[in-house]
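Understanding the architecture of this molecule
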Amino acid sequence: MSKGEPMVTASSGFSLDKTLPGILPPPPARLLLLSASPLPFLAQLEAMGYQVSGFSLDNALGFAQWPTPTREAIYQFDLPLAESDAASFGAAIVVGLSVQTHPLALWDQLAHWLTTDALVVLAAPQSPRPARMLHWLEHVAAMGARCGFSEQDEALSSADVRVFRRASVPRWQLRHVRPRDFEGVAALFQEVFGHALSRALWDWKYADGHGNAVVAARNGVLIAHYGGMYRDVMLCGKADWVFQICDVMVHPQERGVMTRQGPFLLTAASSAEIYGPLGFGFPNARAMLVAAKMGLYSEVGQMAEVRWQPAKPRFRLGSRVAVLKRGDVAGQAQVESLWAAMARDLRSGVVGVRNWAHLEQRYFSHPHNQYDVLAITSRFTGKPLGVLVLRRLETSCELMDVIAPLANLPLLLDQARRLTALWGLPYLYCWITKNYMPLFLSCAGKEEAINVSIPTSCWTDDPRAEVFKDKWWLMSGDTDFR
């Protein structure tokens, strides 16, 4: 390429001649070039005397977030460089960064391959695919700062081009969790909760696209974890998804750093910026208070417990009970029709999808807990009336879930109380969000107060989070720990 030829311009609007002169280190510095179409930039930078290693941003190495009809893919990102190249590049140019590249994976890779004080030029498309996060590029920049890259004040040609300099090695190294992190996560889980986390339970929550997490390490040891499971929901009658917060852990020796720069906030904020803005969880009062003070959560509801005495164990004239099992074709058809009716009844609220696929994942596939999944049908017509999910405990029977039109709730609760008596258990209880509690109290239930709030993520200041206020239908089966 001769000096008279124009500089290459990407579809993002980024051009070498307008952006890089006076910013990059002088040739023959080693540069990393990451672009959807790296070859034109590669040739030009080499002509300027740089030693360039170019890689395509589209060279996906598997999903970091698996796609569904409502959820877009986010791809894992690893550079195929020799370990001898670590900390050897003086700058990185990232052109065409999109919402499909995992931002923490990118920053983690840059931290590994770049020298101290290296420069990063980050250019996003001028017309990117619409992002779920309203301020996606701002969040990418914030994650860069947490990974030790400070944004610079150079005058640039586009608001979508940012310049960063690697300023320091942070006290805690953030990264996207990988399967190889299990041993470290299990050790942290044991330290925090006092009991073991099995690989089977970890896989049930996080493997095969079910969940994700952000971790923080110090001196190579994991000291914080902020995880979540993907939950498909009907949001005021429309299909969507939310990030269900679970396995929030900070090592006891690091808990004193509960500040806006501590590992809890760093992992929680990064999770909200990647997997938000819609989320929920079941924190206790202390955890809710801490997160609210940091600007991470706001309360949109509360859980209540409702209890019933056992009913008479005699059979019911109008209905019968049948056990549902994995692979039950007839049962699957019943569940799908019942879920459709329930979703119609709750179309002005927010409810997690309760179809057959959810039953199989949540209950039939649980690696440790056993549940009774029961179809209630009309004794005379065979018409499906509802599904109960019960868990027999030593001193009680827990109603985990209901799938039914709401008009059938009294009949289902009566059957649940009858089964409680047949099993010789002293009482039946369930968790339900307080906004729907009257439906359960009207069926001879009694409220027992529990101190469990329902938060929404407010870190990203997204107005959609407010739709959850007193709208959730949540039960014990919506948790990851019951």
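Here is a short report on the structure shown in this document. In this text, all values refer to a predicted model and were calculated from it rather than measured experimentally.

A look at the overall build of the protein chain
- Along the protein chain, the regular secondary structure elements total twelve helices and 23 strands.
- C-alpha extents for the protein chain along the principal axes are approximately 90 × 45 × 35 Å.
- Burial statistics for the protein chain: of 482 residues in total, 55% are counted as buried.
- When contacts within the protein chain are restricted to residue pairs at least 6 apart in sequence, long-range pairs at least 24 apart make up 72% of them.
- In the structure as shown, the protein chain presents an accessible area of about 20500 Å², 53% of it carried by carbon and sulfur atoms.
- Positive and negative side-chain charges in the protein chain, numbering 46 and 44 respectively, have mean positions lying 9 Å apart.

Quick word on the sheet that holds strand β8 (residues 161-166)
- The strand order across the open sheet formed by six strands is β2-β1-β5-β6-β8-β7, and the pairing between neighbours is mixed. Strands at the two margins of the open sheet, each flanked by one partner only, are β2 (51-56) and β7 (149-151). The mean inter-strand angle of the sheet, taken between neighbouring strand axes irrespective of direction, is 20°.
- Bridge analysis of strand β5 (residues 89-95) against strand β6 (residues 114-123) gives six bridges, and the strand direction is parallel. Along β6, the bridge assignment pairs Ala92 with Val120.
- Helix α2 (residues 38-47) rests against β1 (30-35), β2 and β5 of the sheet, and its axis sits at about 160° to β1.
- Seen against the sheet, helix α4 (residues 136-146) touches β6, β7 and β8 and runs at an angle of roughly 5° to β8.

Observations concerning a nonpolar patch on the surface
- On the surface, Phe315, Leu317 and Phe380 cluster together into a nonpolar patch covering about 390 Å² of accessible area.
- When you line up the elements, Phe380 lands in the loop between β17 (372-378) and β18 (384-392).
- The exposed category is assigned to Phe380, whose relative accessible area is 63%.

Here we look at helix α6 (residues 199-206)
- Among all positions of α6, only Leu201, Trp202, Trp204, Lys205 and Tyr206 are buried. Taken down its axis, α6 places every buried residue within 170° of arc, on the same side.
- Against the buried residues of α6 lie α5 (182-193), β10 (211-218), β11 (221-235), β12 (238-250) and α10 (356-364).
- Within two residues after α6, Asp208 carries a phi angle of roughly 55°, on the positive side.

Reading guide: rules and limits
- All chains use their own residue numbering, which begins from 1 and follows the written sequence.
- For this predicted model, a pLDDT threshold of at least 70 governs which residues receive local features, and a threshold of 80 or more governs which side-chain atom pairs are given and counted, while totals over whole chains, interfaces and linings are taken from all residues.
- Here the side-chain values reflect all heavy atoms present in the structure, with hydrogen atoms and water set aside.
- Secondary structure is summarised from DSSP: a helix means a run of H or I of at least four residues, a strand means a run of E of at least two, and numbering begins at the N terminus for each.
- Only protein chains enter the accessibility calculation, which uses a 1.4 Å probe; a residue is then buried when its area is under 20% of its type maximum, exposed when over 50%, and partly exposed in between.
- Note on definitions: a residue-residue contact is assigned when non-hydrogen atoms from the two residues lie within 4.5 Å.
- The method behind every accessible area is Shrake-Rupley, applied with a 1.4 Å probe, and residues are considered shielded solely by the protein chains displayed.
- In summary, the charge assignment counts Lys and Arg as positive and Asp and Glu as negative, without counting His or the chain termini.
- A charged residue contributes its charge at one atom only: NZ of Lys, CZ of Arg, CG of Asp or CD of Glu.
- Pairing between strands is defined by DSSP: at least two bridges between them are needed.
- Here, axes are lines fitted to C-alpha atoms. For helices the fit covers the stretch in contact, and angles between N-to-C directions go from 0 to 180 degrees.
- The patch calculation keeps residues exceeding 30% relative accessible area without a salt bridge and links them within 9 Å when they carry like charges or within 5 Å when they are nonpolar (Val, Leu, Ile, Met, Phe, Trp, Tyr).
- Whenever a carboxyl oxygen of Asp or Glu lies within 4 Å of a side-chain nitrogen of Lys or Arg, that contact is scored as a salt bridge.
- Summarising the geometry, the arc corresponds to the directions from the helix axis toward the C-beta atoms.

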